[in-house]
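Single-letter residue listing:
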Amino acid sequence: MWLLLSACVQNSPGFDPSGSRTDLDDGAGSVTGGGNDTAADTATDTGGDSGAAVICGAGDVTLAMYVEDDSATTGTAFSWPIAITTRAVFTNPCDGRLQFTTATSCLVDTWTLTDGTGADTSFSGNCVDSTTTWTLDAQEATSVTASWGELERSTYQVTASTALGRSATEFFSVQ
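Here the structure is a predicted model, which is why all the values come from computation and not from measurement. Going along each chain's sequence as written, the residues are numbered from 1 onward. This being a predicted model, a pLDDT of at least 70 is required before a residue's local features are given, and a value of 80 or more before pairs of side-chain atoms are given or counted; all residues contribute to the totals for chains, interfaces and linings. With hydrogens and water stripped out, all remaining heavy atoms of the structure feed into the side-chain values.

S.K.: When you look at the state of the cysteines in this model, what are you seeing that I'm missing?
M.R.: Working definition of a disulfide: a covalent bond connecting the sulfur atoms of two cysteines. Working definition: a disulfide is two cysteine sulfur atoms within 2.5 Å of each other. According to the stated counting rule, one finds two disulfides in the structure shown. Paired through a disulfide, Cys56 and Cys94 show a sulfur-sulfur distance of 2.0 Å. Across the disulfide from Cys56 to Cys94, rotation about the S-S bond amounts to roughly -125°, and the bridge is consequently left-handed. You can see Cys56 sitting in strand β2 (residues 54–56) and its partner Cys94 sitting in the loop between β5 (83–91) and β6 (97–102), a full 38 residues away along the chain. The rule is simple: take the accessible area with a 1.4 Å probe, protein chains only, and divide by the maximum for that residue type; under 20% is buried, over 50% is exposed, in between is partly exposed. For Cys56, a relative accessible area of 9% puts it in the buried group. Each bonded cysteine in the chain gets a number by its place in the sequence, and the pairs come out as 1-2, 3-4. The numbering of helices and of strands both runs from the N terminus, where a helix is a DSSP run of H or I of at least 4 residues and a strand a run of E of at least 2.

Okay, structure coming up:
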């Protein structure tokens, strides 16, 4: 099951603010088992707790970076002209529930796109300084996307620096 998570970004190059967080805790701090809390109604736990113990933490999260074209096809070589979106994927590889806390409301602190000449474009998420607890059930993933729009012909490196103190990187080209 893939969950989509995005955040609003100011002054970003085509950042895609779509998506929703479905791993919210309820108002009492209990973790929902079914991901049924909504951003508008986090005080009611409609899914009930699954009773699964938290057995993994932030150090267990696996990170991956994917590059997609405007039809959501992933790859590392694209034909110009094409709009490019990058996706940082956070996955729980454990057989049980994974839970961790970040100091802000974002999983990706900074996106950096560097072209073949060494010129880079960076932007940060519009993160709120607020402790946020993230919960992923066994084998579950969540992702954050950034839309870069139509890029010039070049080679590129994209890096997502995460709130976990680690980065996910991918190389790709537009030819």
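Now that the structure is up, let's keep going.
S.K.: Looking at this structure, I do not really get the sheet that holds strand β9 (residues 132–136). What am I missing?
M.R.: Hydrogen bonding along the main chain pairs the strands of a sheet, whether they run parallel or antiparallel. Pairing between two strands requires that DSSP report at least two bridges joining them. The strand order across the open sheet built from three strands is β2-β6-β9, with neighbouring strands paired in mixed fashion. If you trace the sheet from one side to the other, it starts and ends with β2 and β9, each paired once. When the angles between neighbouring strand axes are averaged without regard to direction, this sheet yields 50°. Axis lines are fitted through C-alpha atoms, for helices just across the contact stretch, and the angle between N-to-C directions can take any value from 0 to 180 degrees.

S.K.: Where do I start with the sheet that holds strand β7 (residues 108–115) in this structure?
M.R.: Overall, mixed pairing links the five strands, which are arranged β4-β12-β11-β7-β8 in an open sheet. This sheet does not close on itself; its edge strands, each paired only once, are β4 (77–78) and β8 (120–124).

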